[in-house]
Amino acid sequence: MQNANIKIENDNAKLENDLAKQATKILPFDFYILNLIDTPGHADFGYEVSRALAAVEGAVLLVDATQGIQAQTLANFENAKKAGLTIIGAINKIDVVSQEQADVAVQEMQELLGASHGEILRVSGKTGEGVESLLRAIVERVPAPKKPERGGSRALVFDSLFDDHKGIMAFIRVFDGAFHVDKDAELGATHVRFKIKEIGTFAPKLTAGKELIAGEIGYIATGIKDAGKLKIGDTISLERGEPLAGYEEPKPVVYVSFYPEDPARFDDLRKALDHLRLNDAALHFEPDASEVLGRGFKGGFLGQLHFEITADRLSREFGIETVHSFPSVAYEVKLQHNGWLTVTNPKDFPADPEEVLEPITKVEILTPPEYIGSILQLKDTFRFSDIEVKTVGKKTLIETKLPLADLVSDLDDKLKSLSQGFASLNYEIIGKERADVVKMEVLVAEQVVPGLTRILPRAELEKEARRTVERLKELLPREQFSQALQAAVGGKIIARETITAMKKELGNFGKNGGDRTRKMKLWKKQQRGKERLKERGVKSEVRISASIFKELLKR
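My aim in this report is to walk through the structure given alongside it, one point at a time. A quick note: this is a predicted structure, and the numbers were derived from the prediction, not measured. (Residues numbered from 1 in each chain as written. Predicted model: local features only at pLDDT ≥ 70, side-chain atom pairs only at ≥ 80, totals over all residues. Heavy atoms only, no water.)

**Some details on the sheet that holds strand β16 (residues 254-260)**
Within the open sheet, the 4 strands sit side by side as β17-β18-β16-β19. Their pairing is antiparallel. Two strands in the sheet have a free side with no partner beyond their single neighbour: β17 (284-290) and β19 (322-324). For this sheet the average axis-to-axis angle between neighbouring strands, irrespective of direction, equals 35°. Where β16 and β19 come together, 3 bridges link them in antiparallel fashion. If you follow P260 over to β19, its bridge partner there is T322. Strands in contact with helix α6 (residues 266-278) are β16, β17, β18 (294-301) and β19; relative to β18, the strand with the most contacts, it is inclined by about 15°. (Pairing = 2+ DSSP bridges. Helix = DSSP H or I, 4+ residues; strand = E, 2+ residues; numbered from the N terminus. Axes fitted to C-alpha atoms, helices over the stretch in contact; angles between N-to-C directions. Contact = heavy atoms within 4.5 Å.)

Here it is in structure tokens:
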């Protein structure tokens, strides 16, 4: 029996089910078992993709015919090559494009893979066209798993989900030995032991069985209730021994503080985050508090998209609207007498550090040639360096270095806007470099709003301070008293705007405007009322809605 494991770089999740259905019609399952792993293509989830690549023998590089090759396609192609996998190129959604458009996508894929015309397959996940040819190509080109080279039983965890009754369900590729129900097993990274409650395969739904042997892909019900104890890339073994190579602790790179819009829902927010972490072991959070925004949590995320997905799930699945701080990154800060420390929250950034290091990324932007000029102009807004321009088929690839802090500051949205959605972006963190940055605080009605505190390059400080207070003046509602909007560095005000108080008409006294003495009494009474309102307003909480934070993030 041959067993081929394939990773699909898939733009259409429906295709995986279609492949499984077609396989039952055209392939005798007593001869072939195909395990198909669908993974995300976004750079934020690159570690999960690398673990999926480590669990298989081949990869189907699937490209949307309506969009062609994207930046993440190039990145995943390179990763699959480094993993030594057999790569099969396929163009999906041929049912919604013209023959000419499909030919262009096929030609791009041929040039990328160095393949002949007939080796690039055309499929439709909707109609099933070409699926049989793709399955046959998988059977013919992808090698069966190699025989184990050592004794014992070891399996690689490439994904997981949480079940209320069975605990964490670990999705595994068995490399050595065999696993059975009721056997005692251990997690290599945490040395947590558990008894296997259920074992099975994907057909494509979870289907319980008796065992998983070397070369097979399936799942194990661990019974573990704490999501933090099992990580993607860990090794499950029956006997304590050498773990499989390549495990790394997924490290957050973007940090955001969350506060419930309704302070009374703090406990609901905590329970919601606990629930999300059961199915997202890469999510990190810890309690946080603000004198202005109240109790909340500081979260660590794999990237900007990971953060946005979490915020959306909190709103959509739990009905919890949050106020959140600007996304920040981890700075390494050297103090004059206390050595180095890592700062992930802008409010903790020291006033006068001796030296600061910030994370740097290598960014790849793939775009049609007509948008090159507009995209290169982004260097005036974002700190691009070491720019290189290459040709990839009929598209242009722009490679550049960029601080991670700039990357999470609306670059993707700006790129999509300039290219009308045709440009795509991929990135990887390549190290840290010295940065000339300072902490800017924003005061509203004489109060520092911690969520608006940011770490900014010194060269952009004055411009960004002015932009921030001007945007706040446009976005914040007027009150019955004037509100000062100030941007400050080290206690020094560098930009200021004022939201004027709402005016109330005092009425018309007589033909010529009425008695002036009467008017003056009313004006003074109104002024005293405004002063009392202002005093109460300054002492009360200054709350900035999530929508205003989102608007302020845009450049």
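**Quick notes on the pattern of salt bridges**
Evaluated as defined, the whole model comprises 32 salt bridges. Where E286 meets K298, a salt bridge forms, and the shortest distance between an N and an O atom there is 3.7 Å. Remark: K298 occurs in strand β18 and E286 occurs in strand β17; sequence separation between them is 12 residues. On the accessibility criterion, K298 (17% relative accessible area) is buried. With its nearest N and O atoms 3.6 Å apart, the salt bridge here joins K401 to D386. Note that K401 is positioned in strand β24 (residues 395-403) and D386 in strand β23 (residues 385-392), a separation of 15 residues in sequence. The exposure class of K401 is partly exposed, given its relative accessible area of 21%. The network of salt bridges with common partners includes D312, R313, R316 and E317. (Salt bridge = Lys/Arg side-chain N within 4 Å of Asp/Glu carboxyl O. Buried < 20%, exposed > 50% of the residue type's maximum accessible area, 1.4 Å probe, protein only.)

**Some points on the packing of aromatic side chains**
Enumeration according to the criterion identifies 10 aromatic pairs in this entry. Here the aromatic rings of F202 and Y219 are separated by 6.0 Å at their centres, their planes lie at 45°, and the arrangement is tilted. In this pair, F202 is assigned in strand β11 (residues 198-202) and Y219 in strand β14 (residues 217-221), connecting sequence segments 17 residues apart. According to the relative accessible area criterion, Y219 is buried, its value standing at 0%. Members of the aromatic cluster, joined through ring pairs, are F158, F171, F202 and Y219. It is R173 that lies over the ring of F175; its NZ or CZ is 4.4 Å from the centre. Over the face of the ring belonging to F326 we find R454, whose NZ or CZ atom lies 4.4 Å from the ring centre. (Phe/Tyr/Trp six-rings, centres within 6.5 Å; stacked < 30°, edge-to-face > 60°. Lys NZ or Arg CZ within 6 Å of the ring centre and 35° of its normal.)

**Concerning unusual backbone geometry**
Across the junction of A203 and P204, the peptide omega takes the value -10°, indicating a cis bond. With respect to the helices, strands and loops of the structure, P204 is situated in the loop between β11 and β12 (206-208). A positive phi angle, close to 75°, is found at D182, a residue other than glycine. Within the secondary structure, D182 is located in the loop between β8 (178-180) and β9 (184-187). You can call D182 exposed: its relative accessible area is 52%. Backbone geometry places D386, a non-glycine residue, at a positive phi of 50°.

**Notes on the sheet that holds β12**
Strand order in this open sheet of 8 strands is β10-β9-β15-β6-β7-β14-β11-β12, and the pairing throughout is antiparallel. With partners counted over all chains shown, the strands left at the sheet margins are β10 (193-195) and β12, one partner each. Averaged over all neighbouring strand pairs, the angle between strand axes comes to 40°, with direction disregarded. Pairing of β9 with β10 involves 3 bridges; the strand directions are antiparallel. Directly across from E186, in β10, lies its bridge partner R193.

Geometric values such as these leave the question of function open.
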